[in-house]
Every structure is written in C-alpha cells, then in structure tokens.
Amino acid sequence: MKAVQVTRFGEPGVLTLTELPDPAPGPGQIAIDVTHAAVGLIDAYIRQGLYKDRDGLPQPPYVPGLEVAGTVRALGEGVTGFAPGEKVVALSSGDGRGGYASVFLADQAHVVSTEGHAIDPALAVAVIPNALMAHVALTSAIRTSAGESVLVHGALGALAAAFPGIARQLGASRVVGTVRTERMGAAAATKLPYDTVVDSARLPGALDGERFDVIVDPVGGLVRTQSLELLAPSGRLLLVGNASGDWNHGGIDGNRIWYGNFTVTGFNAGGYLPAHPETFAPAARAALQAATDGLADVEIETFPLADAATAHQRLEDHSANGRIVLTV
C-alpha cells in the first residue's frame, strides 16, 4: 500500500511517501480502502515531537492520521454489522498505523457506517469524527442543557466547527463564535449555524457584556484567560485544545473559578473515548445526523497523499481555508 511516514520528528518535510505491506485485519478489526484522510493540528504536534515523551504515542517511523473515509476492504474475525464495499468513516487509536495510507485498520468499535447517506466522503471525514467528539464533550465530559448559550473560540477550526451544530441539536438557545481578525471574512461567509461570530482580538468588549453558560476553548493562551470574564454564573469552560501553540501561558485564576462557581473541564478525545466506550454509538448517530442535516458544512481543501507535507505546512502557517483532507 501507499503510505506517508514520519521518518523523524521535525518539520513538515519529514513526511515521506513510501510503500508498505498491505495490513490484514485481526480479530475485531476492519480493513478499509481509504479514499480520504483528514489532516489535523494534532497530527502536526505529534510530528513536531511535542508529545515524544508521552506513553502510548507513536515514535518514528510511523504513519500519521486519525480519521479516514473509505470502503470496507475485509473483516477480521468476530466482526459483524459491516460488509465489504460498505462506505464508512473510522477513527484511529493513535498507535502509529494511521490514516495517511491507502489501507487502514480500524477497531470495529471506532467505525461509523455512512452507507445510504448522501454525504460526500471528503465532508464525511472532515466533520463526522469531530462532530462525534463534540457530542461526547457536550453530553458526557460536561452536561449541556436545552436553552443554554454556548460560545466557541476558534469558531472555524477543525474541531471547533463541529460544536455549533451539535449544540443546536442539544437545544442551545444561542451559539456565538470567535475568530482571529484575519478570519472575519471567512466567518461572514460560513454556513455553520452560529448566531454571530466576533473578532477575538476585541474580547471581551465585542460581546457587549454577554455571558455564556458554556464556553468551548480549543485555542488556549490569552483567549483562555479571557474566557472567565465571559462565563455566566455556574458556567462551564471546556478545554479541548491549544491551537495557539502557547504552551507556557500563565493559565487561569483559581480564585475566580471558586467565586463564580465555574467548572473548568479538559476534554482530550484520545484519552476520553477509550475510557468511556459507551459514548461512541450515540455520538456517532448524532454526528451522522448533524452532517446529513447540514449543521456541519465546512470549507474543505484537498491535497493528494503525496502532498502531505504541504498540507501540514498550510496548517502550521494558518493559511488553510477550512479543513484539510488528503485524497488517496
């Protein structure tokens, strides 16, 4: 099979197209002929070596990629409910046998059938895994109730873009986003179900004193600190990433959390989903419905598999227009 490997930790140029043996599915696994593989910021962080000392994460040489779309190639022993040729989306376990490849092995528990749904596979891989994670985050990591207001920082980012649609499904009364100044034009044209999107550089004034029951923060840095000023009493701040790349920010004021009766919760899908497998199936149904209903329509840029390094560079210099997907 064709695959892109990270040959060593470093710059995007370490991504190398190569040939590897076709993998065969083991018990409980599904082999997938990949047509599309999503590219995420976490792929870049792992490639850069930011997590190189953490247990369970891959070491070079490895194949990156956490999300794929394609068709079922073969079923491992004990797998039921799927058939060869069936259209699917799947998530990786993050073990270094990832989705930047023409054949991908997935655990049956992490595969979602899209058969019978008129969803373009590029859109499917771009939105369904993230919408699944957004549903788990808003229903299990924290509890979001109908009628609540939600603020999403980095509103057009890969994971962030999944939250407004899922929040709408859950009955949110108002959903607001924030983006960097240079992204305001794209925000004005987005089809995502935000009530409004404001410039994060103008926080908190841009919101005219509005407070939110739930704030989703995949950005970190100063935006994270400012979020406490934007929480309603007993509000919840959900930390889902650090796209700012600010790993040394001073953090948030514990006394303000105490005084405002706030809750601050971290949600790392790679650690949360394996510990809470019961959340996957209902979240997958919700994600598929969100995609079908047009609640997660994002801009997508596609690159051929051989241009994975270019795709990573686009992520790192913040020049990507929406989600980046590799075509296999």
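Rules of the game
- Throughout, a residue's number is its position along its own chain's written sequence, starting from 1.
- Confidence filtering applies because this is a predicted model: local features only for residues at pLDDT of at least 70, side-chain atom pairs given and counted only at 80 or more, and all residues used for totals across whole chains, interfaces and linings.
- The side-chain numbers reported here are obtained from all heavy atoms of the structure, hydrogens and water having been left aside.
- Residues belong to one nonpolar core when they are buried, are Ala, Val, Leu, Ile, Met, Phe, Trp, Tyr or Cys, and are joined through side-chain atoms within 4.5 Å.
- Relative accessibility thresholds used throughout: buried, under 20% of the residue-type maximum; exposed, over 50%; partly exposed, between the two (1.4 Å probe, protein chains only).
- By the criteria applied, helices consist of DSSP H or I runs no shorter than four residues and strands consist of E runs no shorter than two, each listed in order from the N terminus.
- What counts as a salt bridge is simple: a side-chain nitrogen of Lys or Arg found within 4 Å of a carboxyl oxygen of Asp or Glu.
- One less than the residue count of a helix, multiplied by 1.5 Å, gives the span that helix is expected to have.
- By definition, a residue's bend is the angle between the axes fitted to the seven residues ending there and the seven starting there.
- Contacts described as polar in this section are N or O atom pairs within 3.5 Å, which, within protein, must combine one atom able to donate a hydrogen with one able to accept it, while residues neighboring in sequence count only if both atoms come from side chains.
- Axis geometry follows a simple rule: fit a line to the C-alpha atoms, using only the stretch in contact for helices, then measure angles between N-to-C directions, giving values from 0 to 180 degrees.
- The scheme is simple: roughly parallel for angles under 35 degrees, roughly antiparallel for over 145, roughly perpendicular for 65 to 115, oblique for anything else.
- By the definition used in this description, the sense in which the near helix is turned from the far one sets the handedness, with an anticlockwise turn below a right angle giving left-handed and a clockwise turn giving right-handed.
- The criterion used for residue contact is that any of the two residues' heavy atoms lie within 4.5 Å.
- Three categories are distinguished: nonpolar for Ala, Val, Leu, Ile, Met, Phe, Trp, Tyr, Cys and Pro, charged for Asp, Glu, Lys and Arg, and polar for the others, with Gly belonging to the last.
- Pairing between two strands requires that DSSP report at least two bridges joining them.
- Note on aromatic pairs: the rings of Phe, Tyr and Trp (six-membered ring only in Trp) are paired at centre separations within 6.5 Å, and the planes decide the class, stacked below 30 degrees, edge-to-face beyond 60, tilted for the rest.

Caption draft 1: Looking closely at the nonpolar core. Grouped together as the largest cluster of nonpolar side chains are 57 residues, with contacts concentrated most on Ile 128, Leu 132, Leu 138, Phe 163, Val 216, Leu 238 and Phe 267. Counting residues in each nonpolar core, the second largest holds 36 residues, with Ile 46, Val 63, Val 88 and Val 111 among its members.

Caption draft 2: Representation of the environment of Gly 220. Inspection of the secondary structure puts Gly 220 in the loop between strand 11 (212-217) and helix 5 (222-227). Taking C-alpha positions, Gly 220 is 22 Å from Leu 57, a pair spaced 163 residues apart along the chain.

Caption draft 3: Looking closely at the pattern of salt bridges. Under the criterion given, the structure shown has 12 salt bridges. For Arg 47, the salt bridge identified is with Glu 316, shortest N-O distance 2.2 Å. Linking Arg 47 in helix 1 (residues 41-48) with Glu 316 in helix 9 (residues 308-316), this pair joins segments that are 269 residues apart in sequence. One salt bridge in this structure joins Glu 148 and Arg 236, with 2.8 Å as the shortest N-O distance. Separated by 88 residues along the polypeptide, Glu 148 in the loop between helix 2 (121-141) and strand 8 (149-152) and Arg 236 in strand 12 (residues 231-239) bring together distant segments of the chain. Across the pair, Arg 236 and Glu 148 agree in class, each one buried. In this structure, a network of salt bridges that share partners links the residues Asp 22, Asp 33 and Arg 73.

Caption draft 4: Local environment of helix 2. Along its 21 residues, helix 2 runs 28 Å from first to last C-alpha, staying within 8% of the 30 Å computed at 1.5 Å per residue. Of all the bends found along helix 2, the most pronounced is centred on Val 127 and spans about 25°, while Pro 129, a proline, follows it within four residues. Burial analysis of helix 2 places 18 of its 21 residues in the buried class, which makes it a mostly covered element. The residue sitting at the N-terminus of helix 2 and contributing the capping side-chain oxygen is Asp 120; that oxygen lies 2.8 Å from the backbone nitrogen of Ala 122.

Caption draft 5: The packing of helix 2 against helix 8 (residues 280-292), seen in detail. Running from N to C, helix 2 and helix 8 point in directions that differ by 125°, and their axes come no closer than 8 Å. One way to sum up the angle between helix 2 and helix 8 is to call them oblique. In the packing of helix 2 onto helix 8, the handedness of the crossing is right-handed. On helix 8, the residues that touch Val 127, Ile 128, Ala 131, Leu 132, His 135 and Val 136 of helix 2 are Phe 280, Pro 282, Ala 283, Ala 284, Ala 286, Ala 287, Leu 288 and Ala 291. Across the contact of helix 2 with helix 8, the residue classes break down as 13 nonpolar, one polar and no charged.

Caption draft 6: Structural context of the sheet that holds strand 9 (residues 174-179). If you trace the six strands from one edge of the open sheet to the other, you get 10-9-8-11-12-13, paired in parallel fashion. The open sheet has two edge strands with one neighbour each: strand 10 (196-199) and strand 13 (263-266). If you compare each strand with its neighbour and ignore which way they point, the axes differ by 20° on average. Pairing analysis gives five bridges linking strand 11 to strand 12, with the strands arranged parallel. Within strand 12, the residue paired with Asp 217 across the bridge is Leu 239.

Caption draft 7: Molecular detail of the side chain of Ser 227. You can see Ser 227 is positioned in helix 5. Judged by its relative accessible area of 0%, Ser 227 is buried. Ser 227 has contacts with His 153, Ile 215 and Leu 237, leaving out every residue within four places of it along the chain.

Caption draft 8: Region of interest: the side chain of Gln 29. Within the fold, Gln 29 resides in strand 3 (residues 29-39). At a separation of 2.7 Å, a polar atom in the side chain of Gln 29 contacts the main-chain amide nitrogen of Gly 26. If near-sequence neighbours (up to four positions away) are discounted, Gln 29 is found in contact with Ala 24, Leu 75, Gly 76, Val 79, Leu 105, Ala 106, Asp 107 and Gln 108.

Caption draft 9: Fine view of the pairing of strand 3. Strand 3 sits mainly inside the fold: nine of its 11 residues count as buried. Sheet analysis places strand 3 next to strand 6 (residues 103-107), joined by five bridges and oriented antiparallel. For Ala 31, the partnering residue across the bridge sits in strand 6 and is Leu 105. The sheet contact formed by strand 3 and strand 4 (residues 67-75) spans seven bridges and is antiparallel. The residue of strand 4 that forms the bridge with Ile 30 is Leu 75. The sheet contact formed by strand 3 and strand 15 (residues 323-327) spans four bridges and is antiparallel. Opposite Val 39, over in strand 15, you have Ile 324 as the bridge partner.

Caption draft 10: Spatial organisation of the packing of aromatic side chains. This model, assessed by the stated rule, comprises two aromatic pairs. When the centroid spacing of 6.1 Å and the interplanar angle of 65° are considered together, the rings of Trp 258 and Tyr 259 count as edge-to-face. Among the residues examined, Trp 258 registers a relative accessible area of 63% and is labelled exposed. You can call Tyr 259 exposed: its relative accessible area is 68%.

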